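# Remarks on the overall topology
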Amino acid sequence: MASGFSGRVLRLVHVCMAVEPLARIIRVILQSVPDMTNIMALILFFMLMFSVFGVTLFGAFVPMHFQNLHVALYTLFICITQDGWVDIYDNFQTETREYTMEIWGALYFVIFITIGAFIGINLLVVVVTTNLEQMMKAEQGQQIQMQFSETDKEEEYSDNELPLVHCAVARAEVSGLPQEPLMGGPLSNLSENTCDNFCLVLEAIQENLMQYKEIRDELNRIVEEVRSIRFNQEQEEEMLHKQLSMSVSAESKSSLDLREMACQQDLITALVNMDKVHDSNTNILLNKHKASR
């Protein structure tokens, strides 16, 4: 019977591990076991400490809940589940109404429930959630690495593929002289002095590069200033051209006005002369008409 029951349990576990979300949660819980044991040990330590305080303070006042250490631990376990602690606190309210014990009892339960229930139990939830987030990030990183590895393999495969070339072309491209590999001297010939000299040369090159960078920045600044000066000069020249053009246009307008005025004056004088001639002609005709009568 026991073997059959264990086989069924293993089948259920196998089914759960076959489903990826359930398997992830199971792995997270198993991974969180060490941290959860540490938190549970801390909660148990607080329960023992508060049970000793409860037996010492309330053992004679409420013996049904704080008679000894075992009873006090059971009472605190009920309080940490946040179910039934109100009934336990009601036993502090006796007929004699000892307010000091009621106040101490209220402080006792508030502190224990805050530390044990609100902080301790939430720490367990935090451990599980953080491990779940870490596992999900690790899986995402593995997927990204697999994608990069696949792309690298594809690139290597594409690089390894050589283009098809005809034999005659390959023979024509190959030179008759054999190619020799580049050979360097043995490293044993290097001494500390040569290494120091190389280091000094590299430092000098670095300093020269820094100076070159400073000079380049200075030249860029000078070029920008020159460009700004040229821009200002061009703006001044444009302003002068505009002023000159405006003055020339004003002079041309004034000359045109004078010409128009002169033309108008000539027309007026001509009209006046014509009127005078017409009047003189009419006077002559009238005089002749009178003389004929």
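Here the structure is a predicted model, which is why all the values come from computation and not from measurement.

## Concerning the overall build of the protein
When helices and strands are counted, the protein shows eight helices and zero strands. Element order for the protein, N to C, with α for helix and β for strand: α-α-α-α-α-α-α-α. With 293 residues in all, the protein has 13% of them scored as buried. The long-range fraction of contacts in the protein, counting pairs at least 24 apart against all pairs at least 6 apart in sequence, stands at 63%. As presented, the protein carries roughly 24600 Å² of accessible surface, and 64% of it is formed by carbon and sulfur atoms.

## Digging into unusual backbone geometry
The phi dihedral of Gln82 falls on the positive side, at around 60°, and the residue is not glycine. Among the secondary structure elements, Gln82 is positioned in the loop between helix 4 (69–80) and helix 5 (85–90).

## Comments concerning the pattern of salt bridges
In the structure shown here, the tally under the stated rule is four salt bridges. A salt bridge links Arg27 to Glu139, with the nearest nitrogen and oxygen atoms 3.7 Å apart. Linking Arg27 in helix 2 (residues 20–58) with Glu139 in helix 6 (residues 99–160), this pair joins segments that are 112 residues apart in sequence. Relative accessible area serves as the criterion here: at 31%, Arg27 is assigned to the partly exposed category. Arg221 is the partner of Glu218 in a salt bridge, and the nearest nitrogen-oxygen pair spans 2.0 Å.

## Remarks on a nonpolar patch on the surface
A cluster of nonpolar residues, Val19, Leu22, Ile25, Ile29, Leu30 and Val33, forms a patch on the protein surface that exposes about 500 Å² of accessible area. Tracing the chain through its elements places Ile29 in helix 2.

## With respect to the environment of Asp90
Summarising the element assignment, Asp90 is placed in helix 5. Asp90 sits 12 residues away from Glu102 along the chain, and the two C-alpha atoms are 9.3 Å apart.

## A word on the packing of aromatic side chains
According to the stated counting rule, one finds 14 aromatic pairs in the structure shown. Residues Tyr89 and Phe92 carry aromatic rings whose centres are separated by 5.9 Å and whose planes lie at 25° to one another, so their mutual orientation is stacked. Look at Phe92 and you get buried, because its relative accessible area is 0%. Through a chain of ring-to-ring contacts, the aromatic side chains of Phe50, Phe53, Phe58, Phe61, Phe66, Tyr89, Phe92, Tyr108, Phe109 and Phe112 assemble into a single cluster.

## Section: the environment of Val62
In this structure, Val62 sits in the loop between helix 2 and helix 3 (63–66). Given the relative accessible area of 2%, Val62 is considered buried. Taking the C-alpha atoms as reference points, Val62 and Met101, separated by 39 residues in sequence, lie 10.0 Å from one another. If sequence neighbours within four positions are ignored, Val62 has contacts with Gln67, Asn91 and Phe92.

## Details of the side chain of Asn131
Looking at the secondary structure, you find Asn131 in helix 6. Residue class for Asn131 comes out buried when judged on its relative accessible area of 6%. If we ignore the near neighbours within four places in the chain, the residues touching Asn131 are Val28, Gln31, Ser32 and Asp35.

## Structural notes on the confidence of the model for the protein
Per-residue pLDDT for the protein averages 76, and the proportion of residues at 70 or more is 68%. In the model of the protein, helix 7 (residues 167–173) stands out as the element of lowest mean pLDDT, 54, in contrast to helix 4, which has the highest, 91.

## Considerations on the UniProt feature "transmembrane region" (unreviewed entry) in the protein
Per the UniProt entry, the sites bearing "transmembrane region" (unreviewed entry) are residues 39–62, 69–86 and 106–128 in this numbering. Helix makes up 78% of residues 69–86 and strand 0%. Its end C-alpha atoms lie 20 Å apart. As annotated, residues 106–128 comprises 100% helix and 0% strand, and the C-alpha atoms at either end are separated by 32 Å.

## Some points on the packing of helix 2 against helix 4
Their axes nearest at 9 Å, the elements helix 2 and helix 4 cross at an angle of 120°. Classified by the angle their axes make, helix 2 and helix 4 are oblique. The interaxial crossing formed by helix 2 with helix 4 has right-handed handedness. Here helix 2 contributes Ile43, Met47, Leu48, Phe50, Ser51, Val52 and Val55 to the contact with helix 4, which in turn contributes Leu69, Ala72, Leu73, Leu76, Phe77 and Ile80.

## Details of a negative patch on the surface
Residues Glu234, Glu236, Glu237 and Glu238 make up a contiguous surface patch of negative charge. Looking at the element boundaries, Glu237 is found in helix 8 (residues 192–292).

How each quantity is defined
- Residues numbered from 1 in each chain as written.
- Predicted model: local features only at pLDDT ≥ 70, side-chain atom pairs only at ≥ 80, totals over all residues.
- Heavy atoms only, no water.
- Helix = DSSP H or I, 4+ residues; strand = E, 2+ residues; numbered from the N terminus.
- Buried < 20%, exposed > 50% of the residue type's maximum accessible area, 1.4 Å probe, protein only.
- Contact = heavy atoms within 4.5 Å.
- Areas by Shrake-Rupley, 256 points an atom, 1.4 Å probe, with all protein chains shown as cover.
- Salt bridge = Lys/Arg side-chain N within 4 Å of Asp/Glu carboxyl O.
- Patch = residues over 30% accessible without salt bridge, like charges linked within 9 Å, V, L, I, M, F, W, Y side chains within 5 Å.
- Phe/Tyr/Trp six-rings, centres within 6.5 Å; stacked < 30°, edge-to-face > 60°.
- pLDDT = per-residue confidence, 0-100.
- UniProt positions renumbered as here; feature names shortened; annotations may be inferred.
- Axes fitted to C-alpha atoms, helices over the stretch in contact; angles between N-to-C directions.
- Parallel < 35°, antiparallel > 145°, perpendicular 65-115°, else oblique.
- Left-handed = near helix turned anticlockwise from the far one by under 90°.
- Lys, Arg positive; Asp, Glu negative; His and termini not counted.
- Charge placed at Lys NZ, Arg CZ, Asp CG, Glu CD.

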